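Notes for the structure review
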Amino acid sequence: MTPGGPGRDTTTQGGPALSRLARQRGLARLALGWERLWPALWPPLGVLGVWLVIALLGLPLFLPGWARLLLAFAFLGLLGVVGWRSLRGLAVPDERAADRRLERASGLAHRPLEALTDRPAAGDKLALALWEVHRARAAASVAALKVGLPRPGLAKRDPRALRAALGLSVLAALVVAGPEAPERLRRAVVPALAAPAPTPALRIEAWITPPAYTGAAPVFLDPAGGEVTVPQGSRLQVAVSGGTGGVPDLLLGNATTPLEALDARSFGAEAELLEGARLAIRRDGSELAAWSLTVQADAPPRAYFTEAPGRASRGLAIRLPWRVEDDWGLASATAEIRLKARPAAPAHAIEIGLPPGQPRQARGVAAPDLSAHPWAGLEVEVLLRARDGAGQEGVSEVAALTLPERSFTHPVAQALIALRKRLSLDPGARADARRELDALSAVPEAFEHDVTTFLALRSARHRLTRDRRPEAVAEAQDIMWETALALEEGRAERTARALAEARQQLREALEEARRDQEQGRERTAEQRTEAERRIQELRDAIRRHLEALVERLQRENAEAMPFDPQNRLMDRRDLDRRTDRMREANRQDRPQDAERELAELEEMLRALEEGRTARSEQQERRRQQRERGQQQMGVVQDMVQRQTGMMDSGHRRAESEAERREAERRAQQQLQRQPWSQRPTPQQQEQQAQQRADAEQQSRAEAQREARTQRALRRALGEVMQQFGDLAGEVPAPLGRADQAMREAQDRLGEGQDAREPQQRAIRELQEGARQMAQQMQRQFGQQEGEGEEEGEEGGEMMGEGQGQGEGQDQAQDQGQGRDPLGRRTREAPGAQDAGSDTRVPDEAELLRTRRIQEELRKRGAERDRPAEELDYIDRLLRRF
C-alpha cells in the first residue's frame, strides 16, 4: 500500500472522522507545544523570580546607585543566557508527532491514524474492498481519540520542588512590599544617578515654656521676630533645620552658644530665662531671626489680716480674718502663733485651707480653738505666711492678742492650769513646778482622794524631775491639762468624750472599708489591723465609761439612774459579744455587718445614757431647736433686707429710665421746632444714638446682675425652707409664695422688665413668713423656765441685727462658730469639747445633709466669676463654720 494511491475517492465514511481528527490533532499539537515550552521557560522564569524577590524586599536600595545598576544588568544578562540555552532547541510539533500523541493517549496500537490517509498499491477490487473495511475500522477508532492533559515532566527536572518555594517567596515579598511594590521595582531597575536632592528650606522653631507653677501655656515665637514678655524662670527651646551653612549660634544677651547637632541638618538648644535680653539666631555671620524678651520677675505673695485678730464672739476660738494674693498662684498659707514672752520658742502653725487649683487670691476667716494649748490665757503674736509655687514667701504684719482660755472652778484644776502657764513662760522652772506638784499631791482631800488624780500628779512631777528632754515639759503640761479636765468635768464626762472619739474613729474606718469593697479594692493586712485596733479601743472606752457611770451612781446614791443588774443594756457580756462579732466581721471583710453591729451598740449606749438624762436632754434638744429656728429667722430677715435693697435699686433704675425717656422726648420736640440749619448733623445724630444704645446696654447688664443675685436669694430661701421643714415639720405658706414671687422677679429681670411689684410682694411674704415661723416655734418648742426673757432678748437682738446691718456680718458671727448657715451645730464646733454630755450628736442623715450644703457653698464660693453680691452672701454664710 502506498499513500495517496487510488481509492481516496472512496472515503465517504471517513469525511466526518477526518474533520474530528483535524481538531484532535490541533489540540494534541498545543499540548505537545506546552510540554516542550514550559520546561524550557522555567529556568529564565526562575531567574526572574529571584530578581523579583530581591527587588520587592528592597535589598537593592541598600546599595549605591552604580551597584544597583550593575546588579540589574547582571540579572538581565543571566536572564538572556538562560533563556537562549533553554529555547534554542525548541521546535513546533508536526502532524505525525500529534498523531503519535493521540495514539498514545488513546491506547491505539499499530498506528491506525495512518490508515486514514494511506491507499493500497494494487488496484484490484478485492484489495480495495479489504482496504475500505480496514479504513472503516480506523475511522471508527477516531471517535475514541483522546488528547489527554499536558505532561511537561517538570517534576523530574525539579525533584525538590524549588519552584514552589520560589513562588511562595515572591508572594511573601509582595505582601511585605505592600503599596510600595511598584516603586521598589522601579527603583531597582532605574537607580537614582542624577543630581542630589535639593536642600530643604530653612525652618526655625522657638518656644518658651513658663514654669509649671504659673499654669501658663507655652509661648511660640514668630520667626519674623517681635517682643515677648514671659515669667522669670521660663525655659527657652530653639530648633533650626534645613538651609545651608554651618552650625547656627544662639545669642542671648551677651552670651553666644552654638546649637547642638540633632542630625545632619537639624540643630537645637535650650536656655533658662532669668532676665530680659535680646534673643537672636545667627548662621555664618547672618542673622536668621531675632526677638526682644522681657522677663517678668515673680513677686512674692502678699498676706495680711483684713481685720484685727481677736476672740470669737462665742466659744473659745480665735478669729483670724485673712487674705492672701500672688501674681501667679498660691501654694499654701499658714498662720504662725508665737509666745510674746518667749519669741525664740517654736511657733505654733495653723494650716489655712485654700481653694483648689492654686488660686491667685483667696480670703476667709480661720477660727481655731486653742483653749487646750499650753499658751491659752497668755499674750501671743500671730502672723500670716503665704508661699507661692516658686517657693517665695510673703509675711503679714504681726498682730498681738491673748489666747482665750477655759475657766475652771475646781481649786486643784485652777492650780494645775496656773502651773501649766508658768511652765510655758519659763520651761526651766522645773524645781518650782516640782515643789508645787508635791504640795498639791500632799493634800489628797482637795481632789476627793482620787487615786487617778494622785497618780497623774506624781507622774507629772517625776517627768519634770527625771526626764531632762525639752519635750518632757510639754508632756507634763499635757498631763496637767487632762488632770484638770478630769477634776472639772468628772470622770464620766471625760470617758463619754473618749467614747465618742473612739466611736467616730471606728465609724470612719468601717466607712473606708465599705468604700474599698464597693470599688473592688482589696483591703490590706494593715487596714484590717488598724480596724481591729480601733474596735479594741472602743471596747476599752465602753468599759471605762461604764465604770465611771457606776462610780457616779455610787456617789449620787443611785438616785440619778436606776441600776438593774439584769438590765440587758448594762450587761457587759452582751457588749463583749457585740464587739467580738464586729472583730470577726472585720477579719472576714464584712464592713456592712460591722457597721450594723456598731449602730446597735451605739443605740444601746444611747438608751443607757437617755435612761439617766432623758428629761434634761429633751429640754436641751428643745433649746437647741429654738436656737436653730431663731438662726433661720435671722437669715430670713437678712433676705428681707437684701430684697429691699434690690427693689430700691430697681426703683432707681426705673426713675433713671423715665428721666432719660423724658429728656429724649423733650429733645425730640425741641428738634422739631428748630430750623433745618440748626439741626444736628448725621454724625451728631449717630453719636446720640450710640449714647442711647450704651445706656440701654448698661441698664440691661445691671438687670442681668440683679437677676443672678435674685436667683442666689431664691436658692438660699429654698435651703431655709427645707431646713425649717426638717426642724418644725411644716413650712409656712408665705415662704412658698415668697419663692414664687422671687422666681417671677428673676424672670422679669432676665427679660429686662420692671420687677418691683414681685419684689415688693416677696418682701411682704418674707416678713409674714418670719412672723409665722416665730409663732410656730413658740407653739412647738415653747420657752424653758428662767430662759424666756433671755432668749426673747437674744431673738430680738438677732432680728434687730438682721434689719440694721447692711453687710450682715455681725449677725452671721453672732450665730456662732461651729454652726452651719442654718444654725445647726457641727461636729467641729468650737467649745464642743466643753459642752460635754449636753451636746446632742446629730444623726447620719442630718450630718450628710449638712456636709452637702457646706460643699455646695464652698464650690460656689470658689467660682469667682459669680456676682460680687452673691459671693459676699456666700462668704457670710460660710463664716458660721
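Reading the values: rules and limits
Residues numbered from 1 in each chain as written. Predicted model: local features only at pLDDT ≥ 70, side-chain atom pairs only at ≥ 80, totals over all residues. Heavy atoms only, no water. Helix = DSSP H or I, 4+ residues; strand = E, 2+ residues; numbered from the N terminus. Buried < 20%, exposed > 50% of the residue type's maximum accessible area, 1.4 Å probe, protein only. Contact = heavy atoms within 4.5 Å. Areas by Shrake-Rupley, 256 points an atom, 1.4 Å probe, with all protein chains shown as cover. Pairing = 2+ DSSP bridges. Expected span 1.5 Å × (residues − 1). Arc of directions from axis to C-beta. Axes fitted to C-alpha atoms, helices over the stretch in contact; angles between N-to-C directions. Phe/Tyr/Trp six-rings, centres within 6.5 Å; stacked < 30°, edge-to-face > 60°. pLDDT = per-residue confidence, 0-100. Core = buried A, V, L, I, M, F, W, Y, C linked by side-chain atoms within 4.5 Å. Patch = residues over 30% accessible without salt bridge, like charges linked within 9 Å, V, L, I, M, F, W, Y side chains within 5 Å. Salt bridge = Lys/Arg side-chain N within 4 Å of Asp/Glu carboxyl O. Lys, Arg positive; Asp, Glu negative; His and termini not counted. Charge placed at Lys NZ, Arg CZ, Asp CG, Glu CD. Parallel < 35°, antiparallel > 145°, perpendicular 65-115°, else oblique. Left-handed = near helix turned anticlockwise from the far one by under 90°. Nonpolar A, V, L, I, M, F, W, Y, C, P; charged D, E, K, R; others polar.

Secondary structure summary: the protein chain contains 23 helices and 21 strands in total. For the protein chain, the residues scored as buried account for 41% of the 881 residues in total. The long-range fraction of contacts in the protein chain, counting pairs at least 24 apart against all pairs at least 6 apart in sequence, stands at 73%. For the protein chain, the accessible surface area stands at approximately 48,500 Å², while carbon and sulfur atoms represent 52% of it.

What follows is about the sheet that holds strand E6 (residues 234-241). Overall, antiparallel pairing links the 5 strands, which are arranged E4-E3-E6-E10-E9 in an open sheet. At either end of the open sheet lies a strand with only one pairing partner, and these are strand E4 (219-220) and strand E9 (260-261). Two elements, strand E3 (residues 203-209) and E4, share 2 bridges in a ladder whose sense is antiparallel. The residue bridging tryptophan 207 from the neighbouring strand is phenylalanine 220, located in E4.

So, on to helix H23 (residues 868-878). Counting buried residues in H23 gives 8 out of 11 residues, a clear majority hidden from the surface. The set of residues buried in H23 consists of Glu870, Leu871, Asp872, Tyr873, Ile874, Asp875, Arg876 and Leu877.

Next up on the list: helix H10 (residues 451-466). The end-to-end C-alpha distance of H10, which contains 16 residues, comes to 22 Å, matching closely the 22 Å that a straight helix rising 1.5 Å per residue would cover. Along H10, the residues that are buried comprise Thr453, Ala456, Leu457, Ala460, Arg461 and Leu464. Seen from one end, H10 has its buried residues packed into an arc of 130°, which puts them on one side. Seen from the buried face of H10, the exposed residues on the opposite side, beyond 90 degrees, are Val451, Leu455 and Arg466.

Attention now moves to the sheet that holds strand E5 (residues 226-231). What links the strands of a sheet is backbone hydrogen bonding, and the strands pair in either a parallel or an antiparallel sense. Taken together, the 5 strands give an open sheet; going across it, the order is E5-E12-E11-E7-E8, and neighbouring strands pair in mixed fashion. Pairing within the sheet leaves two strands with one partner each, and these edge strands are E5 and strand E8 (255-258). Pairwise comparison of adjacent strand axes, ignoring direction, gives a mean angle of 25° for this sheet. Relative to strand E12 (residues 286-296), strand E11 (residues 277-283) runs antiparallel, the two sharing 7 bridges. Each bridged residue has a counterpart across the sheet, and for alanine 280 the counterpart in E12 is alanine 290.

Under the criterion given, the structure shown has 2 aromatic pairs. Residues phenylalanine 408 and tryptophan 481 carry aromatic rings whose centres are separated by 5.8 Å and whose planes lie at 85° to one another, so their mutual orientation is edge-to-face. Note that phenylalanine 408 is positioned in the loop between strand E21 (399-402) and helix H8 (411-425) and tryptophan 481 in helix H11 (residues 471-489), a separation of 73 residues in sequence.

In this section: the confidence of the model for the protein chain. This prediction gives the protein chain a mean pLDDT of 77; 79% of its residues lie at or above 70. Confidence over residues 1-14 falls short of pLDDT 50; this stretch has 26 contacts with residues more than four positions distant or in other chains. This stretch, residues 783-839, has a pLDDT under 50; its non-local contacts, to residues over four places away or in other chains, come to 122 contacts.

Here we take up the nonpolar core. A general feature of soluble globular proteins is that nonpolar side chains tend to end up buried together. Val636, Met639, Leu717, Leu735, Leu766, Met773 and Tyr873 are the most contacted members of the largest nonpolar core, which totals 34 residues. Residue assignment for this core shows that the elements contributing at least two residues are helix H15 (591-673), helix H16 (682-728), helix H17 (733-750), helix H18 (756-781), helix H22 (844-862) and H23. For this core, the leading source of residues is H16, giving 9 residues. Leucine 735 has contacts with Leu717, Met721, Leu766, Gly769 and Met773, leaving out every residue within four places of it along the chain. Membership of the second largest hydrophobic core comes to 26 residues, among which are Trp322, Ala362, Leu378 and Ala399.

Another aspect to go through is a positive patch on the surface. A cluster of basic residues, Arg705, Arg708, Arg711 and Arg715, forms a positive patch at the surface. In this fold, arginine 705 is placed in helix H16. Judged by relative accessible area, which is 39%, arginine 705 ranks as partly exposed.

Turning our attention to the pattern of salt bridges. All chains considered together, the criterion is met by 38 salt bridges. The shortest N-O distance in the salt bridge between glutamate 205 and arginine 203 comes to 2.6 Å. A relative accessible area of 31% means that glutamate 205 is categorised as partly exposed. Judged by relative accessible area, which is 52%, arginine 203 ranks as exposed. In this structure, arginine 435 and aspartate 432 form a salt bridge, with 2.1 Å as the shortest nitrogen-oxygen distance.

Turning our eyes to something else, we now look at unusual backbone geometry. Even without glycine at this site, aspartate 284 takes up a positive phi of about 55°. In this structure aspartate 284 comes out as exposed when scored by relative accessible area, which is 60%.

Turning to the side chain of threonine 709, a few remarks are in order. Looking at the element boundaries, threonine 709 is found in helix H16. Its relative accessible area of 11% is what places threonine 709 among the buried residues. Ignoring sequence-local partners within four residues, the contact set of threonine 709 consists of Met646, Pro867 and Glu869.

Now for the environment of tryptophan 322. The residue tryptophan 322 is located in strand E15 (residues 318-325) in this model. A sequence separation of 19 residues divides tryptophan 322 from alanine 303, and the C-alpha atoms of the two residues are 7.4 Å apart.

Next up on the list: the environment of glycine 233. By the secondary structure assignment, glycine 233 is in the loop between E5 and E6. With sequence-adjacent residues up to four places away left out, glycine 233 is seen in contact with Pro211, Glu272, Leu273 and Leu274.

Looking now at the packing of H10 against H11. The interhelical angle for the contact between H10 and H11, taken along N-to-C directions, is 165°, at an axis separation of 9 Å. Viewed along their axes, H10 and H11 adopt a mutual orientation that is roughly antiparallel. Considering how the two elements wind past one another, H10 and H11 form a crossing that is left-handed. Taking contact as the criterion, the partners of Thr453, Ala456, Ser459, Ala460, Arg463 and Leu464 in H10 are, on H11, Ala472, Val473, Glu475, Ala476, Ile479, Met480, Thr483 and Leu487. Grouping the amino acids of the contact of H10 with H11 by side-chain chemistry returns 9 nonpolar, 3 polar and 2 charged.

Right, let's get into a nonpolar patch on the surface. On the surface, a cluster of nonpolar side chains totalling about 420 Å² of accessible area is made up of Leu57, Leu59, Phe62 and Val176. Relative to the helices and strands, phenylalanine 62 is located in the loop between helix H1 (15-56) and helix H2 (65-87).

Residue position: glutamate 227 is located in strand E5. Along the sequence, glutamate 227 and arginine 278 sit 51 residues apart, while their C-alpha atoms lie 9.4 Å from each other.

Bringing the pairing of E3 into the picture now. The alternating pattern of E3 places Ile204, Ala206 and Ile208 on a buried face, while none of Arg203, Glu205, Trp207 and Thr209, on the opposite face, is buried. Alignment of E3 against E6, held across 7 bridges, turns out to be antiparallel. Counted as the bridge partner of alanine 206 is valine 238 from E6.

A few words now on the packing of H8 against helix H9 (residues 430-441). Running from N to C, H8 and H9 point in directions that differ by 175°, and their axes come no closer than 11 Å. Judged on the interaxial angle alone, H9 and H8 are roughly antiparallel. Here Ala415, Leu416, Leu419, Arg422 and Leu423 of H8 lie close against H9, whose contacting residues are Ala433, Glu436, Leu437 and Leu440. Class assignment of the residues belonging to the contact of H8 with H9 gives a composition of 7 nonpolar, no polar and 2 charged.

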